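Structural characterization, general
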Amino acid sequence: ANYIRIKLIGDPKNPDAIGAKVTAYFNGESQSAQVLSARGYISTSENIIHFGLGSATKVDSLVITLPGNKKVKANNI
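Remember, it's a predicted structure, so these values are computed and weren't measured experimentally.

Reading guide: rules and limits
- Residues numbered from 1 in each chain as written.
- Predicted model: local features only at pLDDT ≥ 70, side-chain atom pairs only at ≥ 80, totals over all residues.
- Heavy atoms only, no water.
- Pairing = 2+ DSSP bridges.
- Helix = DSSP H or I, 4+ residues; strand = E, 2+ residues; numbered from the N terminus.
- Axes fitted to C-alpha atoms, helices over the stretch in contact; angles between N-to-C directions.
- Buried < 20%, exposed > 50% of the residue type's maximum accessible area, 1.4 Å probe, protein only.
- Contact = heavy atoms within 4.5 Å.
- Polar contact = N/O pair within 3.5 Å; in protein donor to acceptor, adjacent residues only side chain to side chain.
- Core = buried A, V, L, I, M, F, W, Y, C linked by side-chain atoms within 4.5 Å.

1. Concerning the sheet that holds strand 2 (residues 21-26)
- Pairing within the open sheet is antiparallel, and its 4 strands lie in the order 3-2-5-6. Unpaired on one side and paired on the other, strand 3 (29-34) and strand 6 (70-75) mark the two borders of the sheet. Within the sheet, the average angular offset between the axes of one strand and its neighbour, ignoring direction, is 15 degrees.
- Across 6 bridges, the pairing between strand 5 (residues 61-66) and strand 6 is antiparallel. Looking across to strand 6, one finds that leucine 66 is bridged to lysine 70.

So this is what it looks like as structure tokens:
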């Protein structure tokens, strides 16, 4: 099974990127996670999000929606 880890880095006002939503698209599927706190179930003190990809070897696109609805997109990861 494959996976991807994404480390979010916020801005000076929100260094832990609290409120950011991350969606990974791969093999016709998607998974999403939102950073709800700097420490806890979804994120750790390093603020890393994990997605299990099953047999997929790449992420077709990754969309990060930051607080304030600014979106960042990356393809073919």
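2. Observations concerning the environment of isoleucine 6
- For isoleucine 6, the location among the structural elements is in strand 1 (residues 2-7).
- With relative accessibility at 9%, the residue isoleucine 6 sits in the buried group.
- C-alpha of isoleucine 6 to C-alpha of isoleucine 49: the two residues are 43 residues apart in sequence and 5.1 Å apart in space.
- Apart from the residues lying within four places of it in its own chain, the contact partners of isoleucine 6 are Val22, Asn47, Ile48, Ile49, Phe51 and Leu62.

3. Concerning the side chain of threonine 23
- Mapping threonine 23 onto the fold places it in strand 2.
- Given the relative accessible area of 9%, threonine 23 is considered buried.
- Within the structure, threonine 23 has its side chain in polar contact with the side chain of serine 32 (distance 2.9 Å).
- Those residues in contact with threonine 23 that lie beyond four places of it in its chain are Ser30, Gln31, Ser32, Ser61, Leu62 and Val63.

4. Details of the nonpolar core
- Residues Ile6, Leu8, Val22, Ile49 and Phe51 are the most contacted members of the largest nonpolar core, which totals 17 residues.
- Elements with a minimum of two residues in this core: strand 1, strand 2, strand 4 (48-54) and strand 5.

5. Thoughts on unusual backbone geometry
- The backbone of alanine 17 shows a phi angle near 55 degrees, a positive value even though the residue is not glycine.
- Looking at the element boundaries, alanine 17 is found in the loop between strand 1 and strand 2.
- Backbone geometry at asparagine 69 places phi at a positive 65 degrees, although glycine is not the residue there.
- Note on placement: asparagine 69 falls in the loop between strand 5 and strand 6.

6. Overview of the pairing of strand 5
- Most of strand 5 is tucked away, with 5 of its 6 residues classed as buried.
- In the sheet, strand 2 pairs with strand 5 via 5 bridges, with the strands oriented antiparallel. When the bridges of strand 5 are listed, tyrosine 25 appears paired with serine 61.

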